[in-house]
Amino acid sequence: MPELAAHEHISSILHTAFLTPDWLQELGINKYVAVNRQITGFVVKALELSPSTRVANISSGAAAIFEDYLVGNDNPCLSDAQKLYGRLKLEEESALSSRACTLILRIYSLSGRWMRNHQKYALGQFLLQATAGERIIIKARHPVIRGFGNASDIT
C-alpha cells in the first residue's frame, strides 16, 4: 500500500486487515504485536504519502471494551489476548484518525467466504445450522443482541 501511495493518489481505503486474538497463541506475543503494528504501519505510511486519503477503518468492539478497562471497568470475562487485541485496535484507531479523515466502525465480526471461528459468533452459528438444514437456535450463556449489515450498505 505505501508503494502504491508513493506513485499515485489513493482516494479512500477500506481497512479491515488485523490479526485477531486467536493468532496470539500460534505466533507468540512479540510476533503478534509486531505483525499487527506492521499492518497499521503500512496504512499510516500510505496516508503520509497520500495525505488527502479518506479511511473507513473496521475496528473492533474490543477497542471499546479496552477503553472501559482503562477507566477501571474491568470485564472479568475478557482474556489477556482480548485485552491486547483491544489495546492494539485502540492504538490503530488513534494512529489513523490523527492522520486522515477516518470513519471508525467498531464491528464485532465480519463474515464472508473465509469467515473464521464460525462457532464463536452468532452469525457463524446461524450459517452452520442453516447449511445443515437445522432450526436456527441461539446458543449463548448470556443475552445475545445482534445487528447485521451488508458491507456495501455500511461502506
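Since this is a predicted model, take the numbers as computed values, not measurements.

(A) View of a nonpolar patch on the surface. A grouping of Tyr69, Leu70 and Val71 is seen on the molecular surface, where their side chains present a nonpolar patch of about 300 Å² in accessible area. Following the sequence through the fold, valine 71 ends up in the loop between helix 4 (61-70) and helix 5 (80-97). Among the residues examined, valine 71 registers a relative accessible area of 62% and is labelled exposed.

(B) Focus on the packing of helix 3 (residues 29-49) against helix 5. The N-to-C vectors of helix 3 and helix 5 enclose an angle of 15°; their axes lie 10 Å apart at closest approach. Looking at the two axes, helix 3 sits roughly parallel to helix 5. The handedness of the crossing between helix 3 and helix 5 comes out as right-handed. Here Ile29, Tyr32, Val33, Asn36, Arg37, Thr40, Val43, Val44 and Leu47 of helix 3 lie close against helix 5, whose contacting residues are Leu84, Tyr85, Arg87, Leu88, Glu91, Glu92, Ala95 and Leu96.

(C) Inspection of the packing of helix 4 against helix 5 at higher detail. Packing of helix 4 against helix 5 leaves a shortest axis separation of 7 Å and a crossing angle of 100°. On the basis of their axis angle, the class for helix 4 and helix 5 is roughly perpendicular. Of the residues in helix 5, those in contact with Ala62, Ala63, Phe66, Glu67, Tyr69 and Leu70 of helix 4 are Gln82, Lys83, Tyr85, Gly86, Arg87, Lys89, Leu90 and Glu93. In the contact of helix 4 with helix 5, the residues fall into 7 nonpolar, 2 polar and 5 charged.

(D) Local environment of the pairing of strand 2 (residues 54-59). For strand 2, a buried count of 5 out of 6 residues is recorded, marking the element as mostly surrounded by other parts of the structure. In this structure, strand 2 lies alongside strand 3 (residues 101-106), joined through 6 bridges in parallel fashion. From the neighbouring strand, serine 59 faces strand 3, where its bridge partner is arginine 106.

(E) Examining the nonpolar core more closely. Ala5, Ile10, Ile13, Val43, Val44, Ala46, Leu47, Val55, Ala95, Leu96 and Ala100 form the largest nonpolar core, which has 11 residues in total. Elements with a minimum of two residues in this core: helix 3 and helix 5. Top contributing element to this core by residue count: helix 3, with 4 residues. Leave out the neighbours within four places in its chain, and alanine 100 touches Leu47, Thr53 and Val55. Counting 10 residues, the second largest nonpolar core, distinct from the first, contains Leu24, Ala81, Leu84 and Leu88.

(F) Region of interest: the sheet that holds strand 2. Taken in spatial order, the 3 strands line up as 1-2-3 in an open sheet, and their pairing is parallel. The open sheet has two edge strands with one neighbour each: strand 1 (12-15) and strand 3. Neighbour-to-neighbour, the strand axes of the sheet open up by a mean angle of 10°, direction not taken into account.

Cut-offs applied
Residues numbered from 1 in each chain as written. Predicted model: local features only at pLDDT ≥ 70, side-chain atom pairs only at ≥ 80, totals over all residues. Heavy atoms only, no water. Patch = residues over 30% accessible without salt bridge, like charges linked within 9 Å, V, L, I, M, F, W, Y side chains within 5 Å. Areas by Shrake-Rupley, 256 points an atom, 1.4 Å probe, with all protein chains shown as cover. Salt bridge = Lys/Arg side-chain N within 4 Å of Asp/Glu carboxyl O. Helix = DSSP H or I, 4+ residues; strand = E, 2+ residues; numbered from the N terminus. Buried < 20%, exposed > 50% of the residue type's maximum accessible area, 1.4 Å probe, protein only. Axes fitted to C-alpha atoms, helices over the stretch in contact; angles between N-to-C directions. Parallel < 35°, antiparallel > 145°, perpendicular 65-115°, else oblique. Left-handed = near helix turned anticlockwise from the far one by under 90°. Contact = heavy atoms within 4.5 Å. Nonpolar A, V, L, I, M, F, W, Y, C, P; charged D, E, K, R; others polar. Pairing = 2+ DSSP bridges. Core = buried A, V, L, I, M, F, W, Y, C linked by side-chain atoms within 4.5 Å.

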